[in-house]
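Below, each chain spelled out in residue letters.
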Amino acid sequence: MVDRSYLGGEVLREVRWERMYPHELEEAFAACPVAWFSYGLCEPHGPQNAVGLDLLKAHGLLVRAARAHGGIVAPPDAWHVHEVGGYAIWAEREIGEARPWLTAVPPWVHFKNVCYHVRAAEVLGFRAAILLTGHYGPNWEDLKTLVDLLQPWLRMRLHGLPDFEVNRPGFPGDGADGDHAGKVETSLLWALEPDLVDVTRIPETPTFPLFAMGRTAAESRREAGEQMAADIVAGLGRLQGDLLATWDPDRPSRLRTFGDVERFWSEVVEPRLPDFKSLRRTWYDKAAPEAGSRWRENW
Ligand SMILES: [Zn+2]
């Protein structure tokens, strides 16, 4: 093993694909042929969190999961669904007209990229891939739809989920399992990336909207984040075990070329795209962002 003690005192096993030498990738693959994919974006998460929270959270959890259970963490994807449909209506309410520092792409770009990521893992011979989105709203439901559509084309076993699916029992004390820049997300990032959370930036008497800060942000605790991260990592390990146990070398592998991905997309996904929930154009009781709002432009 390469000595990477400079990573911080103890020698931590490198599991991040883009930072590994070929012999390390081969060793990790031989020991556990599982690929972990993280999805998130830069998006307002209150004044107290770095804007990349969703991606940093997802990627950080997968790095811990791979160190605990094996596998290789794919390069993170920091561009995700936003600004369309209900996302725009949510943003108008929670972000307002502040400069949002978003790294948004429409659902048809994001989900097609996911298909290409999955195809890359399939041809490399991975037996399982887990796709974790740290970004919420209905995109995770579409991810599950996409996984259902992809699976018949793959020998590799696939699972897609939002982190809150395995955040059990949730926030210590009340079991809250997900929020937006409230105590759950802020505590998780605090545990995973302590330099990227500054709770002194939470105002004593906030007025909302406040760069999409959650209403419970002031209750954040780093220890609570550590507990939730450990529970999530354990849940990801169970998922990984289930997928590997159901891998079958006799299943066909039909998503092997760029042409296969394009064919899969046009024949299988595109006819279903109008049903994708990320494109739903209402959210809570509101039908559209106000005329003149920046959120009206891609809604
Ligand atoms: Zn978030």
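Rules of the game
Residues numbered from 1 in each chain as written. Predicted model: local features only at pLDDT ≥ 70, side-chain atom pairs only at ≥ 80, totals over all residues. Heavy atoms only, no water. Helix = DSSP H or I, 4+ residues; strand = E, 2+ residues; numbered from the N terminus. Buried < 20%, exposed > 50% of the residue type's maximum accessible area, 1.4 Å probe, protein only. Lys, Arg positive; Asp, Glu negative; His and termini not counted. Salt bridge = Lys/Arg side-chain N within 4 Å of Asp/Glu carboxyl O. Contact = heavy atoms within 4.5 Å. Pairing = 2+ DSSP bridges. Right-handed = clockwise from strand over helix to strand, strands pointing away. 1 Å grid on protein atoms, 1.4 Å probe; cavity = no way out; pocket = protein on both sides within 12 Å on 5 of 7 lines; lining within 4 Å. Points joined across faces, edges and corners; volume = space filled by probe spheres on them. Nonpolar A, V, L, I, M, F, W, Y, C, P; charged D, E, K, R; others polar. Axes fitted to C-alpha atoms, helices over the stretch in contact; angles between N-to-C directions.

Bringing the side chain of Arg119 into the picture now. With respect to the helices and strands, Arg119 occurs in helix H4 (residues 107–124). No salt bridge is formed by the buried Arg119, whose closest oppositely charged neighbour, Asp260, lies at an N-O distance of 6.9 Å. Sequence-distant contacts of Arg119, defined by excluding residues within four places in its chain, comprise Leu255, Arg256, Thr257, Phe258 and Val261.

Moving on to the pairing of strand S1 (residues 34–39). Burial analysis of S1 places six of its six residues in the buried class, which makes it a mostly covered element. Neither face of S1 is left uncovered, since the one carrying Val34, Trp36 and Ser38 and the one carrying Ala35, Phe37 and Tyr39 both have all their residues buried. As judged from the six bridges shared by S1 and strand S5 (residues 128–133), these two strands associate in the parallel manner. Paired with Ala35 across the strands is Ala129, a residue of S5. With two bridges joining them, S1 and strand S2 (residues 72–73) adopt parallel strand pairing. Each residue of the ladder has a partner; that of Ala35, found in S2, is Ile72. Read as a crossover between parallel neighbours, the route from S1 over helix H2 (residues 53–69) to S2 is right-handed.

This part is about the layout of surface pockets. Vacant regions in the atomic arrangement are exposed by a probe of water-molecule size rolled over the atoms. A volume near 350 Å³ is recorded for the largest pocket. Taken together, 23 residues form the lining of the largest pocket, with Trp90, Tyr136, Gly137, His180 and Trp283 sitting closest to its centre. Residue contributions to the lining of the largest pocket peak at five residues, all from helix H3 (residues 85–94). Across the lining of the largest pocket, the residue classes break down as seven nonpolar, eight polar and eight charged. Approximately 300 Å³ is the volume found for the second largest pocket. Sorting elements by how many residues they give to the lining of the second largest pocket places H2 first, with seven residues. Counted by class, the lining of the second largest pocket contains seven nonpolar, two polar and five charged residues.

One open sheet accounts for four strands, arranged S2-S1-S5-S6; its pairing is parallel. Strand pairing shows two members of the sheet lacking a second neighbour, S2 and strand S6 (157–162), which therefore form its edges. As paired strands, S5 and S6 are joined by six bridges and run parallel to one another. Of the residues in S6, the one forming a bridge with Ala128 is Arg157. Packing of H2 onto the sheet brings it into contact with S1, S2 and S5, and relative to S1 it is tilted by some 160°.

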